[in-house]
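Each chain is listed here by its residues.
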Amino acid sequence: MTDRLKNVLIISVTVVILIAILIAVTLAGRIPLNDESTVGNTPGNLNNGGYFCEMDGRVYFANAYDNFALYSMNPDETDLVKYNDGAVSSINAAGKYLYYAQVSGGSSSGKNSKTVRIPGIYRSNLKGKSVVGLDRCDIVSMQLCGNYLYYEKYDKQVGTSLDKIRIDKKDKKTVSQGIVNPNCFTGGKIYYNGTAEDHYLHALDVSTDRSSVVWEGNIWNPIVQNDYVYYMDVAENYRLCRYNLSSNVVEVLTNDRIDMFNVYDNYIYYQVSSSDSPALRRMLTDGSSQELIREGVYQNINITSQYVYFNSFNENTPVYKTYTYGPVNVTTFDAAREAALQNMKE
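Residue numbers run consecutively from 1 along every chain, following the written order of its sequence. With the structure being a predicted model, the display of local features is reserved for residues of pLDDT at least 70 and the display and counting of side-chain atom pairs for 80 or more, all residues being used for whole-chain, interface and lining totals. Excluding hydrogens and water, the side-chain values take into account all heavy atoms of the structure.

### Digging into the sheet that holds strand β21 (residues 239–244)
Phase 1: Pairing is antiparallel across the open sheet formed by 4 strands, whose spatial order is β19-β20-β21-β22. Each end of this open sheet is capped by a strand with a single partner; those strands are β19 (219–225) and β22 (250–254). In this sheet, neighbouring strand axes are inclined to one another by 25 degrees on average, regardless of whether the strands run parallel or antiparallel.
Phase 2: A pair of strands counts as paired when DSSP detects no fewer than two bridges linking them. In this description a helix means any DSSP run of H or I spanning at least four residues, a strand means any run of E spanning at least two, and both kinds are numbered starting from the N terminus. Where β21 meets β22, 4 bridges bridge the pair, whose relative direction is antiparallel. Within β22, the position partnered with Leu240 by the bridge is Thr254. Axis definition: a line fitted to C-alpha atoms, limited for helices to the stretch in contact. Angles are taken between N-to-C directions and run from 0 to 180 degrees.

### Description of the pattern of salt bridges
Phase 1: By salt bridge we mean one thing: a side-chain nitrogen of Lys or Arg within 4 Å of a carboxyl oxygen of Asp or Glu. Under the definition given, this model contains 13 salt bridges.
Phase 2: Notably, a salt bridge pairs Arg58 with Asp79, separated by 3.0 Å at the nearest N-O pair. Note that Arg58 is positioned in strand β2 (residues 58–63) and Asp79 in the loop between β3 (69–73) and β4 (81–82), a separation of 21 residues in sequence.
Phase 3: Only protein chains enter the accessibility calculation, which uses a 1.4 Å probe; a residue is then buried when its area is under 20% of its type maximum, exposed when over 50%, and partly exposed in between. By relative accessible area, which is 14% here, Arg58 ends up buried.
Phase 4: The salt bridge involving Asp233 is made with Arg239; its shortest N-O contact spans 3.2 Å. The same class applies to Asp233 and to Arg239, which are both buried.
Phase 5: One salt-bridge network, held together by shared partners, links Asp135, Lys153, Asp163 and Lys172.

### Notes on the nonpolar core
Phase 1: The term nonpolar core refers to a set of buried residues drawn from Ala, Val, Leu, Ile, Met, Phe, Trp, Tyr and Cys, joined through side-chain atoms within 4.5 Å. With 31 residues, the main nonpolar core has Phe52, Phe61, Ile91 and Phe333 as its most contacted residues.
Phase 2: Mapped by element, the contributors of at least two residues to this core are β1 (52–55), β2, β3, β5 (88–94), β6 (97–102), β28 (307–312) and α3 (334–345).
Phase 3: Whether two residues are in contact is decided by their heavy atoms: any pair within 4.5 Å suffices. If we skip the residues at most four places from it in the chain, Phe52 touches Asn41, Asn45, Val59, Tyr60, Phe61, Met73, Asn302, Thr304, Tyr309 and Phe333.
Phase 4: Ile31, Tyr97, Tyr99 and Ala101 belong to the second-largest nonpolar core, a separate cluster that totals 15 residues.

### Regarding the packing of aromatic side chains
For any pair of aromatic rings, geometry is given as the distance between the ring centres together with the angle between the planes.
Phase 1: Centres within 6.5 Å are what make two rings of Phe, Tyr or Trp a pair, Trp counting through its six-membered ring; a difference in plane orientation under 30 degrees is then read as stacked, over 60 as edge-to-face, and the rest as tilted. Summed over all chains, the structure comprises 19 aromatic pairs.
Phase 2: Pairing Tyr228 with Tyr230 gives two aromatic rings, centres 6.2 Å apart and planes at 45 degrees, and the pair type is tilted.
Phase 3: A network of ring pairs unites the aromatic residues Phe52, Phe61, Tyr71, Tyr307, Tyr309, Tyr323 and Phe333 as a single cluster.
Phase 4: Two conditions define a charge located above a ring, namely a distance within 6 Å from the ring centre to NZ of Lys or CZ of Arg, and an angle within 35 degrees of the ring normal. Lying across the ring of Tyr320, Arg294 places its NZ or CZ 4.4 Å from the centre.

### Let's talk about the pairing of strand β20 (residues 228–233)
Phase 1: Where burial is concerned, most of β20 is hidden: 6 out of the 6 residues are buried.
Phase 2: Relative to β20, β19 is paired through 5 bridges, and the arrangement is antiparallel. In the strand pairing of β20, Gln225 is matched with Tyr228.
Phase 3: Between β19 and β20, which pair antiparallel and follow one another directly, the connecting turn spans 2 residues, one of which, Asn226, has a positive phi of 50 degrees.
Phase 4: Inspection of the sheet shows β20 paired to β21 by 6 bridges, in the antiparallel sense. By the bridge assignment, Tyr228 is partnered in β21 with Asn244.

What follows is the structure, encoded as structure tokens:
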């Protein structure tokens, strides 16, 4: 083999290796896209702050005992792992990634990280690492809709708007000015109540970003599940009702005034607003089997496959819990408190 042929061979091999490396780097940096029907969290959890999110046998949550830092655990509250030091909310999970709003500064991936972050939207892998900032802004609420994060953000200069950004940090745009809650996404549409001109049920088609009126009700915080819209009836003292999208029939589930609620499978957990007998209660989705969970005023009702979590109004801790499906047995979220204390020692 001549020297010239040797040089050509060496150059050819080098070029092939460089191309292979370039392809590998490109593929490694590419974010796999989701199915268009992918949802990041339940609308009920997101309407209650999005502090808990369950996916594939793992629960990702904001630990109120540790300034709402991002943690993960098994649904039975074992194997708690801390991910960062910043307070988070609106937690979403899908595929290989977590998406969340950070509402205060902090470091990623726990005590050893030096990466300081500011308020905004972030994406990380399921271990809380490889953190990427997607937008710097103050978030009100956020839902993963297929391959886009739709988020209600607040800006002191322009007010509130609904924006969206693709999960790979591309195609960022403002969808609508004004208050649009994106938390209820199903069937390719975001269902929300009007706020500016009416309280009708609207639907935003995410394929076109165009809205239409679905039903001229007087509603608040709609949650769509199994062809029903669960909502607070504004005209009737915020009682809890459901509307059948097929038959157009309204059912009153309780005449109690409601502060907030969450729908999970066949249960509704709701906070009764009352000057003399406030309480957290639950019922089946048809309004039957109403029972007391705990007397008092509570908020942030987040639900996983095993537990319902909540805390007293204006008090971050203690965090209370009861079984999602089993008998009522209110205790405190001691595993989260102990994990926070352990992390503080380290």
